[in-house]
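Structure assessment
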Amino acid sequence: KDAQVTELAAILGDLMTERAQAAVDHRRTTASLAEAVAAESFDEAKVKAAAGQRVKSDEVVQAAVVRALGRIHALLEPEQRSKLAYLLRTGALSI
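This write-up is about the structure you can find in this document. (Residues numbered from 1 in each chain as written. Predicted model: local features only at pLDDT ≥ 70, side-chain atom pairs only at ≥ 80, totals over all residues. Heavy atoms only, no water.)

Here we look at the layout of surface pockets
Here the largest pocket defines a volume of roughly 260 Å³. If you list the elements that add at least two residues to the lining of the largest pocket, you get α1 (2–38) and α3 (78–90). Across the lining of the largest pocket, the residue classes tally to ten nonpolar, three polar and three charged. (1 Å grid on protein atoms, 1.4 Å probe; cavity = no way out; pocket = protein on both sides within 12 Å on 5 of 7 lines; lining within 4 Å. Points joined across faces, edges and corners; volume = space filled by probe spheres on them. Helix = DSSP H or I, 4+ residues; strand = E, 2+ residues; numbered from the N terminus. Nonpolar A, V, L, I, M, F, W, Y, C, P; charged D, E, K, R; others polar.)

Notes on a nonpolar patch on the surface
Among the surface-exposed residues, L69, Y86, L87, L88 and L93 lie close enough to one another that they form a single nonpolar patch of about 410 Å² accessible area. Looking at the nonpolar patch element by element, the count peaks at three residues for α3. Take Y86: it is sitting in helix α3. Overall, Y86 belongs to the exposed group, its relative accessible area being 53%. (Patch = residues over 30% accessible without salt bridge, like charges linked within 9 Å, V, L, I, M, F, W, Y side chains within 5 Å. Areas by Shrake-Rupley, 256 points an atom, 1.4 Å probe, with all protein chains shown as cover. Salt bridge = Lys/Arg side-chain N within 4 Å of Asp/Glu carboxyl O. Buried < 20%, exposed > 50% of the residue type's maximum accessible area, 1.4 Å probe, protein only.)

Section: the pattern of salt bridges
Per the stated rule, a full pass over the model turns up six salt bridges. The partner of R71 in a salt bridge is D14, with the nearest N and O atoms 3.0 Å apart. With a gap of 57 residues between them, R71 in helix α2 (residues 44–75) and D14 in helix α1 connect regions that are remote in the sequence. Of the charged contacts in the structure, one is a salt bridge between K83 and E79, with a shortest N-O distance of 3.4 Å. You can see K83 and its partner E79 sitting in helix α3, four residues apart, about one turn around the helix. Across the pair, exposure class does not vary: K83 and E79 are exposed alike. Residues joined in a network through salt bridges with shared partners are E7, D14 and R71.

Some thoughts on the side chain of Q4
Here Q4 shows up in helix α1. Within polar-contact distance, the side chain of Q4 engages the backbone oxygen of L75 at 3.0 Å. With residues up to four places along the chain from it excluded, the contact list for Q4 reads L75, L76, E77 and Q80. (Polar contact = N/O pair within 3.5 Å; in protein donor to acceptor, adjacent residues only side chain to side chain. Contact = heavy atoms within 4.5 Å.)

Focus: the environment of V5
As for its placement among the helices and strands, V5 is situated in helix α1. It is 45 Å that separates the C-alpha atoms of V5 and E35, two residues lying 30 residues apart in sequence.

Here we look at the environment of A68
Tracing the sequence through the fold places A68 in helix α2. The exposure class of A68 is buried, given its relative accessible area of 4%. Remark: the alpha-carbon pair of A68 and I11, spanning 57 residues in sequence, is separated by 5.9 Å. Each residue touching A68, except ones within four places of it in the same chain, is listed here: I11 and L15.

Structure below.
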């Protein structure tokens, strides 16, 4: 069980890192969008690039969630997976 807890902590740590990077990316793109709005002339290419970066960042987080859930599924026993599924369904846990 200790090894299981350690591995689960590592999986969740990896996911938290990806989400933290996505938050940084979101702040950067927000700044880019604000700059585009404040500029004398509208730079559509800059806005599209910022929007594209947001999509890429979201896709990276989405892939990280899929990887994390796959690793968690392999790590847990059936009863543990059922409990985790219940927590996810009820909103008591969010991934």
